[in-house]
Amino acid sequence: MAGADGASTALQRRDLCARGIRLAGKMRSDVVNLLEAYAERQGLDASASVAAVEGVPPAAVERWDEQTSTQRLLENLAAYRAFRALLAQMLEQHREQLGEADAALGRALAAVLLQVSAFAYHLEELLRLESRGVPGEEEEEEEDGLPPQPHSLFEQKLRGLGVLRELAQWAVRSARDLRQLTKPSPGTGSAPSLPESP
Amino acid sequence: IPVTPRILSLTPDFSTSTLNLKWSDNGSVFPYGLDAFWQIWVLRKETMEKVTEVTYHSKLTHEDIILSWNWTSDLPLECMSHYVKIRCYINVTHFGLKDWSDWSPAEVIPDMDPSGSGVFPLDTVVAVGSDVTFCCVHEEGQNITNMTYGSKPYPMIQLSSRSNAIRVLNASASDTSGTNVVCRFNNEMLEGTVLFVGYAPDIPQNLSCETPNFQIIKCTWKPGRPSGLYGKRRTKYSLFERTCGKNVSCEVNEMNKELACGFPVIPDQKIYDFILGVSNPIGQTESSVVVDITQRVHPKTPEKLTVSGINSTSVHLHWFINGSFAEIRLLCQIEISSGHSEQKLHNISMPGGKLSSYIGQLNELHPYTKYRFRVRCSAADHFWRWSDWSRVEEYTTSEA
């Protein structure tokens, strides 16, 4: 029976990864659109140089190909939980600063927040499939705590730009990570690789 | 020679670039009624350049009085260090040589982070047409490549080795998210602030109040010229009623053309003397109106219209109106239409009820005819406005 279970888990994993890759692709294109609208509405130069945003895990990672599946999933999950808190804060700041004046940008921010939350949930599903415990939210929130409030509005605007930029990078990395998860680990036979997405 | 004055406090208000100085006049050591003159100097930068000198006069009262003086800077206080010192001259006739006291020690503005950097003033609000000076304070040795207001670079004025300024004249209304003032350094890093440029609130126009149900009074008005300020800087409204002294803050959507606010009906009060208060960070205004709510009844749409036949030419109509109209008579109008004849209106007046149903009878209808009925109501005495029409209800009279 173990063989059958193994096969069904592998199938489930492939399916979850395939759906995750599509989610990441959609999220990335939405984030890129949002980034442009955000920069324009906030009067920022989209290419402005922004210091690393505190509370945002960098998408770039050294020795990416040496990471285990679990490491990939845990790092992804930590990132999207951080983004969820940061985007929720951005949405709150948007309401406080603009109220009803820029409802379209508010809706776009809320839509991306929804996708980030869905993707985080998706990663938790994958981790459960790996029969790995899913780290509790409280542990992470205690470690990182809520992102600090910037002390000026301009800093707040720049930070929003930095968050969206990093999220766009993460969406690319997540698709690569999930694609990597579907590849058989060495010695277990080859499986057809999934279509390239973002 | 008088004692050197003692500065009690030097308090900055960075949002308005204002300094408040408090000192004691030491009056208890002098006879009553003497004239005292206080010379106050405001100095800038480590080089203590004098920016302002003023002589302030007071009368001594043989008690120690705390005196206070305000000064508004033409530059944001954060742009450089500011110091204040004070000395005094007492006009006393019989004590020998009269002269100024020594200067007090120079007091520096507290809360200023000498090593701080940033663009100032921070996230402030000004009226359209204002002239504003911004400064970029940076660490020693850092080089500024340019300072922009919106997307436009401005000529820089060096204030000190750590502070450059630009001056924006006749500022125009900013976008919804404000106008960015950005200071770019040669290491590509940015510092900045946001300026919100808008208008003081307009006097609300067409302020009008009515009651739909004798439970709430709904006031509506047109806001006039948009202030250009949004979110927490938006224009805020509150409704104050003089007779009962109650004040209600209004939740409005600043994007709407017409704004509305609800005020609870006060038991046994018919006359309401309203003041609509309006304010935003640039200014405030108000509008007022006095209403007798029994003369400003605008009932809600009649609901649950049903028709029941009495005979082939008469029917009863029943409907419900949400509201307490026990204090007035209602006038209701029934519109009668049928395929081949002209539309007719039938008026019925009746005592108002409290959250109740109403009934009207129509006679002289044609037998075996399909009719369409709808109803609307208003106050019978002191007509103000009709309610909206109810939904249409169809009915076919029975055969003769």
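Computed from a prediction, not measured in an experiment: that's the story for all the values here.

About the cut-offs
For every chain, the first residue of the written sequence is number 1, and numbering continues from 1 onward in sequence order. Chain A is the first chain written and ligand 1 is the first ligand written, with later ones labelled in order. Note on the predicted model: pLDDT of at least 70 is required for a residue's local features to be given, and 80 or more for side-chain atom pairs to be given and counted; whole-chain, interface and lining totals, by contrast, use all residues. With hydrogens and water stripped out, all remaining heavy atoms of the structure feed into the side-chain values. Elements are defined by DSSP. Helices are runs of H or I of four residues or more, strands are runs of E of two residues or more, and each kind is numbered from the N terminus. With the radius of gyration taken over C-alpha atoms, the globule rule is written as 2.2 Å times the number of residues to the power 0.38. Three labels apply to residues, based on accessible area from a 1.4 Å probe with only protein chains included: buried if under 20% of the type maximum, exposed if over 50%, partly exposed otherwise in between. Any pair of residues with heavy atoms lying within 4.5 Å of one another is described as a contacting pair. Exposure was quantified through the Shrake-Rupley algorithm and a 1.4 Å probe, taking into account, for residues, occlusion by the shown protein chains and nothing else. His is not counted here, nor are the chain ends, while Lys and Arg score as positive and Asp and Glu score as negative. Every charge is mapped to an atom, namely NZ of Lys, CZ of Arg, CG of Asp or CD of Glu. Stacked, edge-to-face and tilted are the three classes for Phe, Tyr and Trp ring pairs, Trp counted by its six-membered ring, which pair at centre distances within 6.5 Å; planes under 30 degrees apart are stacked, over 60 edge-to-face, the rest tilted. Here, a charge over a ring means that NZ of Lys or CZ of Arg falls within 6 Å of the ring centre while also lying within 35 degrees of the ring normal. Working definition: a disulfide is two cysteine sulfur atoms within 2.5 Å of each other. How far a helix is expected to stretch is found by multiplying one less than its residue total by 1.5 Å. A pair of strands is treated as paired once DSSP finds two or more bridges between them. The convention used is that axes are lines fitted to C-alpha atoms, helices contributing only their stretch in contact, and that angles between N-to-C directions extend from 0 to 180 degrees. Here, a salt bridge means any Lys or Arg side-chain nitrogen found within 4 Å of an Asp or Glu carboxyl oxygen. As used in this structure description, the phrase polar contact means that two N or O atoms lie within 3.5 Å; if the pair is within protein, one of them must be able to donate a hydrogen and the other to accept it, and residues adjacent in sequence are counted only when both atoms belong to side chains. The quantity reported as buried area is the accessible area (1.4 Å probe) lost by two parts once they are put together, taken as the sum for both. For this classification, the nonpolar set comprises Ala, Val, Leu, Ile, Met, Phe, Trp, Tyr, Cys and Pro, the charged set comprises Asp, Glu, Lys and Arg, and every other residue, Gly included, is treated as polar. Definitions used throughout: a 1 Å grid over protein atoms alone; a cavity as a set of points that fits a 1.4 Å probe which cannot get out; a pocket as an open set with protein on both sides within 12 Å along at least five of seven lines; a lining residue as one with an atom within 4 Å of a point. Grid points are joined across faces, edges and corners, and a volume is the space filled by probe spheres set on the points.

**Let's talk about the overall build of chain B**
Then step 1. Assigned secondary structure in chain B consists of zero helices and 30 strands.
Then step 2. Here the C-alpha radius of gyration of chain B, 35 Å, is well above what a compact globule of 400 residues would show, namely 21 Å.
Then step 3. Along the first, second and third principal axes, the C-alpha atoms of chain B reach 120 × 60 × 25 Å.
Then step 4. A burial count over chain B gives 48% of its 400 residues as buried.
Then step 5. Considering only residue pairs separated by 6 or more positions, chain B has 63% of its internal contacts joining residues 24 or more positions apart.
Then step 6. Approximately 19,900 Å² of chain B is accessible, and the part contributed by carbon and sulfur atoms is 50%.
Then step 7. Both charge centroids of chain B, one from 36 positive and one from 42 negative side chains, sit 5 Å from each other.

**A short note on the packing of aromatic side chains**
Then step 1. Applying the stated criterion across every chain, the model contains 16 aromatic pairs over all chains.
Then step 2. An angle of 15° between the planes, with centres 5.8 Å apart, marks the rings of Tyr 371 of chain B and Phe 373 of chain B as stacked.
Then step 3. For Phe 373 of chain B, a relative accessible area of 0% corresponds to the buried category.
Then step 4. Members of the aromatic cluster, each reached through a chain of ring pairs, are Tyr 80, Phe 83, Phe 119 and Trp 170 of chain A.
Then step 5. Positioned above the aromatic ring of Phe 196 of chain B, the side-chain terminus of Arg 233 of chain B is 3.5 Å from the ring centre.

**Looking at the state of the cysteines**
Residue and element names in this part refer to chain B.
Then step 1. Counted under the stated rule, the structure contains five disulfides over all chains.
Then step 2. One disulfide in the model links Cys 79 with Cys 135; its S-S distance is 2.0 Å. On the S-S bond that ties Cys 79 to Cys 135, the torsion sits near -100°, and the link is left-handed. One end of the pair, Cys 79, is in the loop between β5 (66-72) and β6 (82-90); the other, Cys 135, is in strand β10 (residues 132-137), with 56 residues separating them in the sequence. The same class applies to Cys 79 and to Cys 135, which are both buried.
Then step 3. Shown here is the disulfide that connects Cys 250 with Cys 261, its sulfur atoms set 2.1 Å apart. With the S-S dihedral at roughly -85°, the linkage between Cys 250 and Cys 261 falls on the left-handed side. Taken as a pair, Cys 250 in strand β20 (residues 247-250) and Cys 261 in strand β21 (residues 259-264) lie far apart in primary sequence, eleven residues in all.

**Side note on helix α5 (residues 153-182) of chain A**
Then step 1. The end-to-end C-alpha separation of α5 of chain A is 43 Å, in line with the 44 Å expected for 30 residues at 1.5 Å each.
Then step 2. Of all the 30 residues making up α5 of chain A, 23 are buried; the element is thus mostly covered by neighbouring parts of the structure.

**Remarks on unusual backbone geometry**
Residue and element names in this part refer to chain B.
Then step 1. Following Phe 120, the chain continues to Pro 121 via a peptide bond in cis, the omega torsion being 0°.
Then step 2. Secondary-structure assignment places Pro 121 in the loop between β8 (118-120) and β9 (124-127).
Then step 3. Not every positive phi belongs to a glycine, and Ser 17 is a case in point at roughly 55°.
Then step 4. For Ser 17, the location among the structural elements is in the loop between β1 (6-13) and β2 (18-24).
Then step 5. Judged by relative accessible area, which is 10%, Ser 17 ranks as buried.
Then step 6. Although it is not a glycine, Asp 123 adopts a positive phi angle of roughly 50°.
Then step 7. Following the sequence through the fold, Asp 123 ends up in the loop between β8 and β9.

**Regarding the sheet that holds strand β18 (residues 216-222) of chain B**
All names here are of chain B.
Then step 1. The strand order across the open sheet formed by three strands is β17-β18-β21, and the pairing between neighbours is antiparallel. Edge strands, defined here as strands with exactly one partner in the open sheet, are β17 (205-210) and β21. This sheet shows a mean twist of 20° between the axes of neighbouring strands, independent of strand direction.
Then step 2. In this structure, β18 lies alongside β21, joined through six bridges in antiparallel fashion. Within β21, the residue paired with Thr 220 across the bridge is Ala 260.

**Digging into the pattern of salt bridges**
Then step 1. What the rule picks out here adds up to 21 salt bridges over all chains.
Then step 2. One salt bridge in this structure joins Arg 19 of chain A and Asp 15 of chain A, with 3.3 Å as the shortest N-O distance. With Arg 19 of chain A and Asp 15 of chain A both in helix α1 (residues 2-41), this residue pair falls four residues apart, about one helical turn.
Then step 3. In this structure, Lys 45 of chain B and Glu 49 of chain B form a salt bridge, with 3.5 Å as the shortest nitrogen-oxygen distance.
Then step 4. Residue Lys 45 of chain B is classed as buried on the basis of its relative accessible area, which comes to 18%.
Then step 5. Here the residues in one salt-bridge network are Arg 72, Glu 75, Arg 173 and Asp 177 of chain A, joined through shared partners.

**Concerning the side chain of Thr 193 of chain B**
Then step 1. The topology assignment puts Thr 193 of chain B in strand β16 (residues 190-198).
Then step 2. At 2.9 Å, the side chain of Thr 193 of chain B and the backbone oxygen of Pro 121 of chain B are in polar contact.
Then step 3. Once you skip the residues sitting within four places of it in the chain, Thr 193 of chain B turns out to touch Phe 154 of chain A together with Val 119, Pro 121, Leu 122, Asp 123, Phe 134, Thr 179, Asn 180 and Val 181 of chain B.

**Re the interface of chain A and chain B**
Then step 1. Between chain A and chain B, the residue contacts involve 20 residues of the former and 22 residues of the latter.
Then step 2. Taken over both partners, the interface formed by chain A and chain B buries close to 1,700 Å², and the fraction arising from carbon and sulfur atoms is 57%.
Then step 3. For the interface between chain A and chain B, the tally reads one salt bridge.
Then step 4. Glu 96 of chain A serves as the salt-bridge partner of Lys 232 of chain B, at 3.6 Å between the closest nitrogen and oxygen.
Then step 5. Seen at the junction of chain A and chain B, the total is ten residue pairs in polar contact (both at pLDDT 80 or more).
Then step 6. Taken together, the elements giving at least two residues each to the side of chain A that touches chain B come down to α2 (69-98) and α5 of chain A.
Then step 7. Residue composition of the side of chain A that touches chain B, grouped by class: eight nonpolar, seven polar and five charged.

**Some words on empty space enclosed by the protein**
Residue and element names in this part refer to chain A.
Then step 1. Summed over all chains, the structure comprises four cavities of 30 Å³ or more.
Then step 2. Approximately 190 Å³ is the volume attributed to the largest cavity.
Then step 3. Gln 42, Gln 93, His 94, Gln 97 and Gln 156 are the residues nearest the centre of the largest cavity, which is lined by 16 residues in total.
Then step 4. Within the residue set of the lining of the largest cavity, elements represented by two or more residues are α2, α3 (103-129) and α5.
Then step 5. When the residues that make up the lining of the largest cavity are grouped by side-chain class, the tally is seven nonpolar, seven polar and two charged.

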